Amino acid sequence: MKQLLYNLLLVATAFSFVFQTESFAQEDNYSKNKEEEKTFLSTNKSVKGVKCSSSGLQYVIIDKGKGKKPHGVDEVYVKYKGYFADGSVFDSSLEKPAILRMNAVITGMAEGLSMLGVGGKAILYVPSKLGYGEIGAAAIEPYKMLIFEIELCDIYNEYDYLE
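Peer 1: Would you mind showing me how to read the overall build of the chain here?
Peer 2: What the chain contains, in helices and strands, is two helices and seven strands. For the chain, the succession of helices and strands along the chain, N to C, is α-β-β-β-β-β-α-β-β. Expressed as a percentage of the 163 residues in the chain, the buried residues total 35%. Just so you have it, the chain exposes about 10,300 Å², and 57% of that area is on carbon and sulfur atoms.

Peer 1: Looking at this structure, I do not really get the packing of aromatic side chains. What am I missing?
Peer 2: Remark: the centre distance and the inter-plane angle together describe each pair of aromatic rings, the angle taken between the planes. By the definition in use, this model includes four aromatic pairs. Ring centres of Tyr-80 and Phe-148 lie 6.1 Å apart, and the angle between their planes is 65°; on these two criteria the pair is classed as edge-to-face. Taken together, the residues span a long stretch of sequence, with Tyr-80 in strand 3 (residues 75-83) and Phe-148 in strand 7 (residues 146-156) at a distance of 68 residues. A residue is classified by how much of its surface remains accessible, and Tyr-80, at 9% relative accessible area, is buried. With a centroid separation of 5.0 Å and an interplanar angle of 35°, the aromatic rings of Phe-84 and Phe-90 are classed as tilted. Both residues of the pair, Phe-84 and Phe-90, belong to the buried class. Taken together, the ring pairs connect Tyr-80, Phe-84, Phe-90 and Phe-148 into an aromatic cluster. In this structure, Lys-144 is placed above the aromatic ring of Phe-84, and the distance from its NZ or CZ to the ring centre is 5.2 Å.

Peer 1: Just to check I follow, could you spell out the pattern of salt bridges for this structure?
Peer 2: Any two side chains of opposite charge can pair, so long as their charged atoms come close to each other. Here the structure, examined in full by the defined rule, presents three salt bridges. Notably, a salt bridge pairs Lys-144 with Glu-36, separated by 3.8 Å at the nearest N-O pair. With Lys-144 in the loop between strand 6 (121-126) and strand 7 and Glu-36 in helix 1 (residues 2-44), the pair connects residues that are 108 residues apart, well separated along the chain. Of the charged contacts in the structure, one is a salt bridge between Arg-101 and Glu-75, with a shortest N-O distance of 3.2 Å. Here Glu-75 lies in strand 3 and Arg-101 lies in strand 5 (residues 98-101), a separation of 26 residues in the sequence. We classify Glu-75 as buried; its relative accessible area is 17%. Salt bridges here are not isolated pairs; linked through shared partners, they connect Lys-32, Glu-36 and Lys-144.

Here is what the cut-offs are and how they apply
Residues numbered from 1 in each chain as written. Predicted model: local features only at pLDDT ≥ 70, side-chain atom pairs only at ≥ 80, totals over all residues. Heavy atoms only, no water. Helix = DSSP H or I, 4+ residues; strand = E, 2+ residues; numbered from the N terminus. Buried < 20%, exposed > 50% of the residue type's maximum accessible area, 1.4 Å probe, protein only. Areas by Shrake-Rupley, 256 points an atom, 1.4 Å probe, with all protein chains shown as cover. Phe/Tyr/Trp six-rings, centres within 6.5 Å; stacked < 30°, edge-to-face > 60°. Lys NZ or Arg CZ within 6 Å of the ring centre and 35° of its normal. Salt bridge = Lys/Arg side-chain N within 4 Å of Asp/Glu carboxyl O.

Right, dumping it as C-alpha cells:
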C-alpha cells in the first residue's frame, strides 16, 4: 500500500511539473505576442494614412461609404479578411460574406465598422485589448494583435424586419 501511494505521489508530481512547465512556456509566448504588438503598433502609427482612435484602434479608411453607419444592435453584412501581423490569415468571409451583430463582434471591429457607411472599406489594426485580449479564441492566441481588411456591404436593424 505504501508503495502504491508513493507511486501515485510520483506520478502526480510529474504531471504537476509537466503542466507547470507548459504554463511557463505559454506565458513566454504570450509575452512575445505583447512585444510584437507593441513594436508593430508603434511603427504602424507613423505610416502615412494610418489614423489612431482614442481607444488605440489604428485604421485606414479606404472608402467612407455612403449613408447611415451601423451601431448598437444593428446587423451588418460584411466581407472581411482577418490576419496576423505576419500575414497569416485566421478568418475570411471574402468568398461568403457574413452577417454579424455589432454588439457581438470584438470591440475593435465594432469601432471600425461604426466609422463606415454602406460600401465603405477599411483596414483595421486591432490591439489585443480591443480584440480577444488575455483570453484568445480558437486560432487566436492571447494578446495577439489582429488586422482586418473589411467592407461594409449593408446594414440591417431590428426595424428593417418589421417592414
